[in-house]
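Results of the structural survey
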Amino acid sequence: MAGTAGTPGTPRVLRAMNDRAALDLLLAHGPLSRTRIGKLTGLSKPTASQLLARLEAAGLVLATGTTEGRPGPGAQLYEVNPAAAYAAGLDVTPGRIVAAVADITGRTVGRYELPTPGRRPATPVVQQVTDALDGAVKEAGLARADIHRLVIGTPGAFDPNTGRLRYASHLPGWHSPTLLDELAAALPMPFEYENDVNLVAVAEQRLGAARGHADFVLLWNQEGLGAALVLGGRLHRGFTGGAGEVGFLPVPGTPLVRQVTKANSGGYQELAGAQAVPKLARELGVPDIPQGHYTEVAAALLERAAEAPEDDERHRTLLTTYATRLATGLASLVSVLDPEVVVLSGTGLISGGEALRGLVQAELEELAAARPRLLLGDVREHPVLRGALESALAMTRDEVFDTSR
């Protein structure tokens, strides 16, 4: 803060640093008094008072209530002004787009789901995006122009060298070489695009199991099998944006899949993707296999297997065999990256709970020299969307909270 020895900068820059420190504390702790802000920042009471007056005049903080439960008059409390800015996120899948708007404190104030079924979209992608965004904006009681920044999460990744979506042939309408230019022309706010699994990692890093970890792998298993790589606290995307597309990884136990991008699958996806679970259950003679989409069937089977008694041989074999399959691909990842932890996320992993996590941990320790801890993801509700919002909010706060300008 201001008292740090050797901190370079003009008084304006130092004031801006203190302003940002106070705003971050208010985001982390909720309403705080002037005295409490002074203690947490190391600032004197007069300086803390000037800081709060400055932030209040800028519309970044609000006076809200007083402290209670102590003798004498309560101290004035301050909080970040939720209406200082708004950010939005989109979670795109072949069957629907979910949009949400959050105020600058991170509270979701509007959400909308737009169904987009079918191999060929009847509605152009740009209109799908704006329709979904407008639905969430309307629910929030805002206008599109009120959104400071948007982050769009999709399967695959937009190649930064060509601007085209790669690794997601199953997402109809999103592969036009002019799509990003069309979106930029249609949207009044800056927007970013990001791989959906990377956004789950952002959510876990900011809010969940990966907090405090600078080097981790997130393994995602839902409609597809993928990974996100965080190295030194930053997402590693790769030259074409395809880092973490581990579904294409050749692994023992399945035939080699050639021309993987055309097949939109690979060895690890065939071995341990969610669609492999119902097939394995049938091979093992597991009774009463549910009907439905393979992701829902896999989740139900894994949950049932995790809760099965020890003498239920078929369900136990299903869980242990699947754990070995998961560990087979993970062994390659951890051998190359040596992460501190691996976070397991997506219904195809979360449904197996601690029982599956423990089995994968044990198998991985036999298959790889590196032995990271395996953790279950904490962000269970719309993790891609939550990651998109967190990413948009981080950039928005950096811009809106900069009082040095």
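Residues numbered from 1 in each chain as written. Predicted model: local features only at pLDDT ≥ 70, side-chain atom pairs only at ≥ 80, totals over all residues. Heavy atoms only, no water.

1. Re the overall build of the chain
Helix and strand content of the chain: 14 helices and 15 strands. Computed over the C-alpha atoms, the radius of gyration of the chain is 24 Å, within 12% of the 22 Å expected from 2.2 N^0.38 for a compact globule of 405 residues. Once the C-alpha set of the chain is aligned to its principal axes, its extents read approximately 70 × 50 × 40 Å. Across the 405 residues of the chain, 49% fall into the buried class. Restricting to contacts in the chain with at least 6 residues of sequence separation, those with at least 24 account for 59%. Roughly 18,700 Å² of accessible area belongs to the chain as shown, and the carbon and sulfur atoms make up 50% of that amount. Positive and negative charge centroids in the chain, built from 38 and 44 side chains respectively, lie 5 Å apart. (Helix = DSSP H or I, 4+ residues; strand = E, 2+ residues; numbered from the N terminus. Rg over C-alpha atoms; globule rule 2.2 N^0.38 Å. Buried < 20%, exposed > 50% of the residue type's maximum accessible area, 1.4 Å probe, protein only. Contact = heavy atoms within 4.5 Å. Areas by Shrake-Rupley, 256 points an atom, 1.4 Å probe, with all protein chains shown as cover. Lys, Arg positive; Asp, Glu negative; His and termini not counted. Charge placed at Lys NZ, Arg CZ, Asp CG, Glu CD.)

2. Some points on helix α1 (residues 11-29)
Between its first and last C-alpha atoms α1 spans 27 Å; for 19 residues at 1.5 Å apiece the expected length is 27 Å, and the two agree. Listing the buried residues of α1 in full gives Ala 16, Asn 18, Asp 19, Ala 21, Ala 22, Leu 23, Leu 25 and Leu 26. Tucked into the core, α1 has its buried residues touching β1 (32-33), α2 (34-41), α3 (45-57), β2 (61-66) and β3 (76-80). Downstream of α1 by one or two residues, Gly 30 has phi in the positive range, about 85°. (Expected span 1.5 Å × (residues − 1).)

3. What to know about the confidence of the model for the chain
Taken residue by residue, the chain gives an average pLDDT of 92. The fraction at 70 or more is 96%. Note on residues 1-7: pLDDT is under 50 here. Beyond four places in sequence and across chains, it has nine contacts. (pLDDT = per-residue confidence, 0-100.)

4. A look at the nonpolar core
Ranked by internal contacts, the top residues of the largest apolar core, which has 42 residues, are Leu 219, Tyr 268, Leu 326 and Leu 330. The dominant element in this core, judged by the number of residues it contributes, is helix α11 (residues 313-337), at 10 residues. Counting residues in hydrophobic clusters, the runner-up holds 30 residues, among them Tyr 86, Ile 97, Val 129 and Leu 165. (Core = buried A, V, L, I, M, F, W, Y, C linked by side-chain atoms within 4.5 Å.)

5. Some words on the sheet that holds β2
Taken together, three strands build an open sheet; the order of strands is β1-β3-β2 and the sheet is antiparallel. Only two strands of the sheet have a single neighbouring strand rather than two, namely β1 and β2. One ladder, built from four bridges, connects β2 with β3; its direction is antiparallel. In the strand pairing of β3, Ala 63 is matched with Tyr 78. Of the strands in this sheet, β2 and β3 touch α3, which is tilted by about 115° from β2. (Pairing = 2+ DSSP bridges. Axes fitted to C-alpha atoms, helices over the stretch in contact; angles between N-to-C directions.)

6. Some thoughts on the environment of Ala 75
By the secondary structure assignment, Ala 75 is in the loop between β2 and β3. Residues Ala 75 and Arg 34 lie 41 residues apart in sequence; the distance between their C-alpha atoms is 7.9 Å. Setting aside chain neighbours within four positions, we find Ala 75 in contact with Ser 33, Gly 65, Thr 66 and Thr 67.

7. Points about the packing of helix α6 (residues 196-207) against helix α14 (residues 383-400)
Between α6 and α14, the least distance of the axes is 7 Å, while the angle of their chain directions is 70°. The pairing of α6 with α14 is recorded here as roughly perpendicular in orientation. Judged by residue contacts, Asp 196, Leu 199, Val 200, Val 202, Ala 203, Arg 206 and Leu 207 of α6 engage Pro 383, Val 384, Arg 386, Gly 387, Ala 388, Glu 390, Ser 391 and Ala 394 from α14. (Parallel < 35°, antiparallel > 145°, perpendicular 65-115°, else oblique.)

8. Brief notes about the pairing of strand β7 (residues 147-154)
β7 sits mainly inside the fold: seven of its eight residues count as buried. Judged from the six bridges that link them, strand β4 (residues 86-92) and β7 form a sheet pairing that is parallel. When the bridges of β7 are listed, Leu 90 appears paired with Ile 152.

9. Considerations on the layout of surface pockets
The computed volume of the largest pocket comes to approximately 1,000 Å³. Taken together, 43 residues form the lining of the largest pocket, with Asp 196, Trp 220, Gln 222, Glu 223 and Gly 224 sitting closest to its centre. Of all the secondary structure elements, the ones that give two or more residues to the lining of the largest pocket are α6, β12 (225-231), α8 (267-272), α10 (294-307), α12 (347-350) and α14. Residues that form the lining of the largest pocket fall into these classes: 15 nonpolar, 20 polar and eight charged. Volume-wise, the second largest pocket comes out at about 420 Å³. Lining the second largest pocket are 15 residues, with Val 202, Arg 206, Leu 235, Arg 237 and Ser 391 positioned closest to its centre. Looking at which element gives the most residues to the lining of the second largest pocket, the answer is α14, with four residues. (1 Å grid on protein atoms, 1.4 Å probe; cavity = no way out; pocket = protein on both sides within 12 Å on 5 of 7 lines; lining within 4 Å. Points joined across faces, edges and corners; volume = space filled by probe spheres on them. Nonpolar A, V, L, I, M, F, W, Y, C, P; charged D, E, K, R; others polar.)

10. Re the pairing of strand β6 (residues 108-115)
Successive side chains on a regular strand alternate, one facing one side of the sheet and the next facing the other. Summarising the sheet, strand β5 (residues 96-103) and β6 pair through seven bridges and their orientation is antiparallel. Considered in β6, the bridge of Ala 100 is made with Arg 111. The hairpin formed by β5 and β6 contains four residues between the paired strands, and Gly 106 there has a positive phi angle of roughly 100°.

11. Side note on α11
When the terminal C-alpha atoms of α11 are compared, their 35 Å separation across 25 residues agrees well with the 36 Å that a helix rising 1.5 Å per residue should span. The largest bend in α11 comes to about 30°, at Leu 330. Asp 338 occupies a position one or two residues after α11 and carries a positive phi of about 50°. (Bend = angle between axes of the 7 residues up to and from the residue.)

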